[in-house]
Amino acid sequence: MELQKLSRFYEKLKYGEDNFHSLMRYRVRNILLVSTLYDAFIFEYDSGLSEQLVGEYHHLNLTTPPRITSVTGAEEALEKLESQQYDLVITTMRTGEITPFALSRIIKDRYPDIPILLLLTVSSDIELVDRNRDRLDCIS
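Predicted model only: the values in this text are computed from it and were never measured.

Conventions used here
- Residues numbered from 1 in each chain as written.
- Predicted model: local features only at pLDDT ≥ 70, side-chain atom pairs only at ≥ 80, totals over all residues.
- Heavy atoms only, no water.
- Pairing = 2+ DSSP bridges.
- Helix = DSSP H or I, 4+ residues; strand = E, 2+ residues; numbered from the N terminus.
- Axes fitted to C-alpha atoms, helices over the stretch in contact; angles between N-to-C directions.
- Contact = heavy atoms within 4.5 Å.
- Salt bridge = Lys/Arg side-chain N within 4 Å of Asp/Glu carboxyl O.
- Buried < 20%, exposed > 50% of the residue type's maximum accessible area, 1.4 Å probe, protein only.
- Arc of directions from axis to C-beta.
- Polar contact = N/O pair within 3.5 Å; in protein donor to acceptor, adjacent residues only side chain to side chain.

So, about the sheet that holds strand E3 (residues 88-91). Spatial strand order, E2-E1-E3-E4: 4 strands in an open sheet with parallel pairing. Whereas interior strands pair on both sides, the edge strands pair on one side only; in this sheet they are strand E2 (67-71) and strand E4 (116-118). Along the sheet, successive strands turn relative to each other by an average axial angle of 20°, direction set aside. In terms of strand pairing, E3 meets E4 through 3 bridges, oriented parallel. Counterpart to Thr91 in the pairing with E4 is Leu118. Seen against the sheet, helix H4 (residues 74-83) touches strand E1 (30-34), E2 and E3 and runs at an angle of roughly 160° to E1.

We now examine the pattern of salt bridges. Any two side chains of opposite charge can pair, given that their charged atoms come close. If you walk through the whole model with that rule in mind, you get 5 salt bridges. Two residues, Arg110 and Glu82, come together in a salt bridge whose shortest N-O distance is 3.6 Å. With Arg110 in helix H5 (residues 100-110) and Glu82 in helix H4, this pair connects stretches of sequence that are 28 residues apart. Given the relative accessible area of 59%, Glu82 is considered exposed. Sharing partners across several salt bridges, the network here consists of Arg105, Asp109 and Asp137.

Turning to H5, its buried residues are Pro100, Phe101, Leu103, Ser104, Ile107 and Lys108. The buried residues of H5 occupy an angular sector of 160° when the element is viewed end-on, so they sit on one face. If you follow the buried residues of H5, they end up packed against E1, H4, E3, E4 and helix H6 (125-131).

Quick look at the side chain of Ser104 now. Mapped onto the elements, Ser104 comes out in helix H5. Side-chain polar atoms of Ser104 contact the backbone oxygen of Phe101, separated by 2.8 Å. Setting aside its immediate chain neighbours within four residues, Ser104 contacts Ile116, Cys138 and Ile139.

Here you go:
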């Protein structure tokens, strides 16, 4: 009976290890943050976005947290995407002259494997998202 319990416990651990290795190929090393200067400042000052990421990575015993590159508009984001590889794009509702919905469509057309997240910074953004639900198909 003890051997069966031990065997089940080992299989649980082994299964978790397999999950870890399966997920590591999707590891996020570089994040592109598209937001206004104000939003980027608030992320760092109020929520400590970088500190939270580093803390989570250390909590999971991962050694290299992702690097966050901030840009202030859609045009600059597209330039960065052309010159460097990113694993994740996070955008806010304010991205300059191009809406985050149009920006996500352009990014998905050019780089279909990059996930895009839309981060809402104020509650009034929820209404904008609700009105544009048909344009959320490129946002993960």
